[in-house]
Amino acid sequence: LETDFACVDCARQAQVIDRANMAAATDDFYLRYYQGHHGKWGHEFIEFEFRPDGRMRYANNSNYKNEGQRDDMITREVFVGQSVLGEVQRIVEESEITKEDDHNWPIPDRVGKQELEVILNGQHISFTCTKLGSVLQVQQSKDPEGLRVFYYLVQDLKCLVFSIVAAHFKIQPISK
């Protein structure tokens, strides 16, 4: 049993060292996304963030199924490895969102709003616009090219986050 405890302690120390190295390598990368509105069912939203230490937080609050009764908010938190954090950073960099400006994007309204905050390579950017329902809405905006970059970046990030959440929290053991 001593060997097992020693291995567990070594593994914990290795995780702490790995997280410290990850934080040092990606100190200047942070991402937060929010989409939500206040409506008939209260404040409904989805939000996620990636922190420099590898912590990914996810929250989803939706009350419509209980017809006015408060649901418990779904929250998930997980530490992702350097490769996942690097992939998120790569997705953001390749989108070239840092070259965009939200000045001509549709402003938040009663339909809702979206926010994207990114710290990348010493640059801190923040975007805000209305909830986007379709590519047609993007194409009809005053800045279709910039909004298109934002729209598809958000789609890619949501897909990645939903995959991470599903992989960590919904997989059932194989029964024989």
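Preceding block: the structure.
Figured I'd write up the structure that's included with this text. This one's a predicted model, so the numbers in the text were calculated from it and none came from an experiment.

1. Overview of the overall build of the protein chain
Along the backbone of the protein chain there are four helices and six strands. Reading the secondary structure of the protein chain in the N-to-C direction produces α-β-β-β-β-α-β-β-α-α. A buried classification covers 35% of the 176 residues belonging to the protein chain. Across the protein chain, contacts joining residues at least 24 apart in sequence account for 53% of those joining residues at least 6 apart. If you sum the accessible surface of the protein chain, you get close to 11,000 Å²; carbon and sulfur atoms cover 50% of it.

2. Side note on the nonpolar core
One broad rule of soluble globular proteins: the nonpolar side chains tend to lie buried together. Core analysis: the largest hydrophobic core is formed by 34 residues, its most contacted members being L31, F50, M56, I97, L116 and F150. Elements that contribute at least two residues to this core include exactly β1 (30-39), β2 (42-50), β3 (55-61), α2 (82-95), β5 (113-120), β6 (123-130) and α4 (144-169). Leaving out residues up to four positions away in the same chain, F50 has contacts with Y30, L31, R55, M56, V80, L85, V88, V161 and I164.

3. Comments concerning the side chain of S95
Counting through the fold element by element, S95 comes out in helix α2. Residue class for S95 comes out buried when judged on its relative accessible area of 18%. Non-local contacts of S95, meaning those with residues more than four positions away in its chain, are made with V149 and L153.

Calculation rules
Residues numbered from 1 in each chain as written. Predicted model: local features only at pLDDT ≥ 70, side-chain atom pairs only at ≥ 80, totals over all residues. Heavy atoms only, no water. Helix = DSSP H or I, 4+ residues; strand = E, 2+ residues; numbered from the N terminus. Buried < 20%, exposed > 50% of the residue type's maximum accessible area, 1.4 Å probe, protein only. Contact = heavy atoms within 4.5 Å. Areas by Shrake-Rupley, 256 points an atom, 1.4 Å probe, with all protein chains shown as cover. Core = buried A, V, L, I, M, F, W, Y, C linked by side-chain atoms within 4.5 Å.

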